[in-house]
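# Observations on the model geometry
Listed below, chain by chain, are the residues.
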Amino acid sequence: MIVLRAMDKIMTCAEFQEKLPELFESQADLGAQEHLKSCEMCAALVRDLEYIAAQARLLLPIHDPSPAVWEHIQQAIRRGDEPDVKSVSAGRK
Amino acid sequence: MAVERFVLMNAGPSQPRPATQHLRRNPPIAGEQEAIQRAQSGDSRAFETLYAMHKRRVYSLCLRMLGNVAEAEDLTQEAFLQLYRKIGTFRGDSAFSTWLHRLAVNVVLMHLRRKGLPQVSLEETLEPAQDDGPRKDIGARDLTLSGSIDRVTLERAIENLPPGYRLVFVLHDVEGYEHNEIAEMLDCSIGNSKSQLHKARMKLRDLLRTGQRKEQIA
């Protein structure tokens, strides 16, 4: 971490962005990165990436399959089919 | 060979991970335990109950991973048929929904591998691409995303991600799998999974910002 901070002072935007995946994964306090204190462009990038990840975590399952899916499951079970014998999309054709 | 190895290693949802994220996303469902026990005894009504309880989650997962309604429905069907065949092997070592979820992920991944589609060419999308590299214009002050993206917009942007990116993003950021789990599922290194995730987020940012610009122009 000490080395990172020392390097941080001389990081260019390209160098900082190259290290960004590693910084995210290390769950480091990105706000403490020296580069971000002086670079609004990279600070905005970090804010956006954090925002995207946070919003993704809030996505809930909201889509329901059509009733045809259950109908085909029932039919396949009655026939004793192995999975993938008759698909819903094939039934549409 | 890699495909067969993957299938053998992941043929069943036998090793679910009790990750915190999964627990948060898999709260106990009233009546589920009883339905599982009855379905394990061959009660078809109980299986229908389990389908009703979990169809939305399984289908949403398939849809997000595939970005295609017809394929998502086919694989939802296949996942539940596999569940029907394998439910007797569920021993309750983990949450049922976690177990079923992993089964569904495996169904989707095996389908993609059979088709030879994007996630098997993971390395290809890991190569540095012109639109993934560091940019100088990405932080324009008047175009920050924070607070401005609704769920529908984000869902649409995820749909438009290149398939290889979409898989890792959905598995990690939406579904809460850890990189080591994703690496195992996709038969890639943990480093690749991390790199792919970062590029997916960068691409999403581009897509979302492009959408914002279009809205502003309109």
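Residues numbered from 1 in each chain as written. Chains lettered and ligands numbered in written order. Predicted model: local features only at pLDDT ≥ 70, side-chain atom pairs only at ≥ 80, totals over all residues.

### Structural notes on the overall build of chain B
- Regarding its fold elements, chain B presents eleven helices and zero strands.
- Helices (α) and strands (β) of chain B occur, in sequence order from the N terminus, as α-α-α-α-α-α-α-α-α-α-α.
- Here chain B, with 218 residues, has 43% of them falling under the buried criterion.
- Intrachain contacts of chain B at a sequence separation of at least 6 include 72% that bridge at least 24 residues. (Helix = DSSP H or I, 4+ residues; strand = E, 2+ residues; numbered from the N terminus. Buried ≥ 20, exposed ≤ 12 C-beta atoms within 10 Å, placed from the backbone. Contact = placed C-beta atoms within 7 Å.)

### Observations concerning the interface of chain A and chain B
- Each partner contributes to the interface: chain A provides 41 residues, whereas chain B provides 37 residues.
- Contributing elements (two or more residues each) for the side of chain A that touches chain B: α2 (13–25), α4 (40–57), α5 (67–79) and α6 (88–92) of chain A.
- Top contributing element to the side of chain A that touches chain B by residue count: α4 of chain A, with 15 residues.
- For the side of chain A that touches chain B, the class distribution of residues is 26 nonpolar, seven polar and eight charged. (Nonpolar A, V, L, I, M, F, W, Y, C, P; charged D, E, K, R; others polar.)

### Focus: α5 of chain A
Residue and element names in this part refer to chain A.
- For α5, which comprises 13 residues, the first-to-last C-alpha distance of 19 Å matches the rise-based estimate of 18 Å (1.5 Å per residue) to within 8%.
- Taken residue by residue, α5 has V69, H72, I73 and A76 as its buried positions. In an axial view of α5, the angular spread of the buried residues amounts to 105 degrees, which keeps them on one side of the axis. Residues of α5 that are exposed and point more than 90 degrees away from the buried face comprise P67 and R78.
- Looking at the residues trailing α5, positive phi occurs at G80, about 75 degrees. (Expected span 1.5 Å × (residues − 1). Arc of directions from axis to C-beta.)

### Brief notes about unusual backbone geometry
- Although it is not a glycine, D187 of chain B adopts a positive phi angle of roughly 60 degrees.
- Locating D187 of chain B in the fold gives a position in the loop between α10 (179–186) and α11 (190–217).

### A look at the packing of helix α3 (residues 32–40) of chain B against helix α4 (residues 44–66) of chain B
All names here are of chain B.
- Packing of α3 against α4 leaves a shortest axis separation of 8 Å and a crossing angle of 135 degrees. Viewed along their axes, α3 and α4 adopt a mutual orientation that is oblique. Seen along the crossing, α3 lies across α4 with a hand that is left-handed. Across the interface between the two elements, E32, A35, I36, R38 and A39 of α3 pack against A46, F47, T49, L50 and M53 of α4.
- Split by residue class, the contact of α3 with α4 holds seven nonpolar, one polar and two charged. (Axes fitted to C-alpha atoms, helices over the stretch in contact; angles between N-to-C directions. Parallel < 35°, antiparallel > 145°, perpendicular 65-115°, else oblique. Left-handed = near helix turned anticlockwise from the far one by under 90°.)

### Here's the deal with the nonpolar core
- C62, A79, A104, V108, V168 and F169 of chain B are the most contacted members of the largest nonpolar core, which has 65 residues in total.
- Two domains each donate at least three residues to this core, and these are domain 1 (17–117) and domain 2 (141–217) of chain B. (Core = buried A, V, L, I, M, F, W, Y, C linked by C-beta atoms within 7 Å. Domains from an automatic or database assignment.)

### Comments concerning the confidence of the model for chain A
- A residue-level look at chain A finds 75% of positions with pLDDT of 70 or above and a mean pLDDT of 80.
- α5 of chain A holds the highest mean pLDDT among the elements of chain A, 94, whereas helix α1 (residues 2–8) of chain A holds the lowest, 47. (pLDDT = per-residue confidence, 0-100.)

### What to know about the packing of helix α5 (residues 69–86) of chain B against helix α6 (residues 96–115) of chain B
Residues and elements named next belong to chain B.
- Running from amino to carboxyl end, α5 crosses α6 at an angle of 125 degrees, the nearest separation of the two axes being 9 Å. Overall, the two elements α5 and α6 adopt an arrangement that is oblique. As for the relative orientation of α5 and α6, their crossing is right-handed in sense. Along its contact with α5, which presents L75, E78, A79, Q82 and L83, the element α6 presents L100, L103, A104, V107, V108 and H111.
- Per-class residue counts for the contact of α5 with α6 are eight nonpolar, two polar and one charged.

### So, the environment of D64 of chain A
- Structurally, the position occupied by D64 of chain A is in the loop between α4 and α5.
- Excluding its chain neighbours within four sequence positions, the residues that come into contact with D64 of chain A are K55, R56 and Y59 of chain B.

### Focus: the environment of C188 of chain B
- Mapped onto the elements, C188 of chain B comes out in the loop between α10 and α11.
- C-alpha of C188 of chain B to C-alpha of S60 of chain B: the two residues are 128 residues apart in sequence and 24 Å apart in space.

### Description of α6 of chain B
All names here are of chain B.
- Taking 1.5 Å as the rise per residue, α6 with 20 residues should run 28 Å; its terminal C-alpha atoms sit 29 Å apart, in good agreement.
- Counting buried residues in α6 gives 14 out of 20 residues, a clear majority hidden from the surface.
- Count one or two residues on from α6 and you reach G116, which has phi positive near 65 degrees.

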